[in-house]
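Residue strings, one per chain:
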Amino acid sequence: MMNTEIKRMDSSHIKALSEIEKECFSTPWSENALGDELNNGFSRFFVAECNGAVAGYIGAHSILGEVYITNVAVSEAFRRKGIAEKLIKTLVEFCENEGMEFVTLEVRRSNKAAKKLYAKMGFREVGERKDFYENPREDAILMTYKR
Ligand SMILES: CC(C)(COP(=O)(O)OP(=O)(O)OC[C@H]1O[C@@H](n2cnc3c(N)ncnc32)[C@H](O)[C@@H]1OP(=O)(O)O)[C@@H](O)C(=O)NCCC(=O)NCCS
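Residues numbered from 1 in each chain as written. Predicted model: local features only at pLDDT ≥ 70, side-chain atom pairs only at ≥ 80, totals over all residues. Heavy atoms only, no water.

Describing unusual backbone geometry
Item 1. Following Asn 135, the chain continues to Pro 136 via a peptide bond in cis, the omega torsion being -5°.
Item 2. Here Pro 136 lies in the loop between β6 (124-133) and β7 (138-146).
Item 3. The phi torsion at Asn 51 lies on the positive side, around 45°, for a residue other than glycine.
Item 4. If you trace the backbone, Asn 51 turns up in the loop between β2 (43-50) and β3 (53-63). (Helix = DSSP H or I, 4+ residues; strand = E, 2+ residues; numbered from the N terminus.)

So, in structure tokens, the structure goes:
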């Protein structure tokens, strides 16, 4: 049985999360970048632990009622088990309790899995940002969720 727990990110998670970043992204966040989020009052970062192993995480900044998701990643071995869904739910509920009005994020136009995930969680496509990403260069689709 897989037991998934969602926790606030702390210093014990940073090393494993930087490995997940390298696995998932062409321009991964470093340990330093992740560690800085521990000292940022706007940060709302949550980690999924599966049977004690760090499996994935979600990161966001919450500023004056607007929540901006900066990172969502689940390690390959743990995908399609509902972990990303659980992470998004936890973040949104936590921020709704703090008075959040809406959530925004960008996603690569070609990232079908992520777009489907966000649509399932109630996010809608509201625009695009031309050439937003590098390595490879690609447009971003802008999506929002309103409470
Ligand atoms: C996108 C990602 C975070 C999904 O994580 P996950 O834990 O596997 O997702 P979940 O199991 O919670 O899936 C929830 C829903 O998302 C959609 N989804 C997830 N992966 C999918 C895939 N490979 N193909 C199609 N739909 C997918 C499905 O609708 C799924 O619901 P279902 O299983 O009932 O069909 C993961 O694939 C990942 O880390 N990818 C690399 C990094 C990335 O692209 N991050 C997003 C950047 S914006």
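From this point, the narrative continues.
Thoughts on the site of the ligand
Item 1. Residues in close proximity to the ligand total 21 residues, the closest being Val 72, Arg 80, Gly 82, Asn 111 and Lys 120.
Item 2. Here an oxygen atom of the ligand and a side-chain polar atom of Lys 120 are 2.7 Å apart.
Item 3. Alone, the ligand offers 910 Å² of accessible surface; in the complex the protein occludes 78% of this.
Item 4. Breaking the shell around the ligand down by element, the ones donating at least two residues are β4 (66-74), α3 (83-97), β5 (102-108) and α4 (112-120).
Item 5. The residue makeup of the shell around the ligand, split by class, is 12 nonpolar, two polar and seven charged. (Near = heavy atom within 4 Å. Polar contact = N/O pair within 3.5 Å; in protein donor to acceptor, adjacent residues only side chain to side chain. Areas by Shrake-Rupley, 256 points an atom, 1.4 Å probe, with all protein chains shown as cover. Nonpolar A, V, L, I, M, F, W, Y, C, P; charged D, E, K, R; others polar.)

Structural notes on the environment of Gly 52
Item 1. Turning to its location among the elements, Gly 52 is positioned in the loop between β2 and β3.
Item 2. Taking relative accessible area as the criterion, Gly 52 reaches 58% and is therefore assigned exposed.
Item 3. Distance from Gly 52 to Asn 3, taken between C-alpha atoms, is 8.4 Å for residues 49 residues apart in sequence. (Buried < 20%, exposed > 50% of the residue type's maximum accessible area, 1.4 Å probe, protein only.)

Here we look at the nonpolar core
Item 1. Ranked by size, the top nonpolar core spans 30 residues in total, and within it Ile 69, Tyr 118 and Phe 123 carry the most contacts.
Item 2. Counting only elements with at least two residues in this core, the list comes to β2, β3, β4, α3, β5, α4 and β7.
Item 3. With sequence-adjacent residues up to four places away left out, Phe 123 is seen in contact with Ile 69, Ile 88, Val 103, Leu 105, Tyr 118, Met 143, Thr 144 and Tyr 145.
Item 4. If you look at the next biggest cluster of nonpolar residues, it comprises nine residues, including Ile 20, Leu 34, Val 47 and Ala 73. (Core = buried A, V, L, I, M, F, W, Y, C linked by side-chain atoms within 4.5 Å. Contact = heavy atoms within 4.5 Å.)

Purely spatial values, then, with no claim about function.
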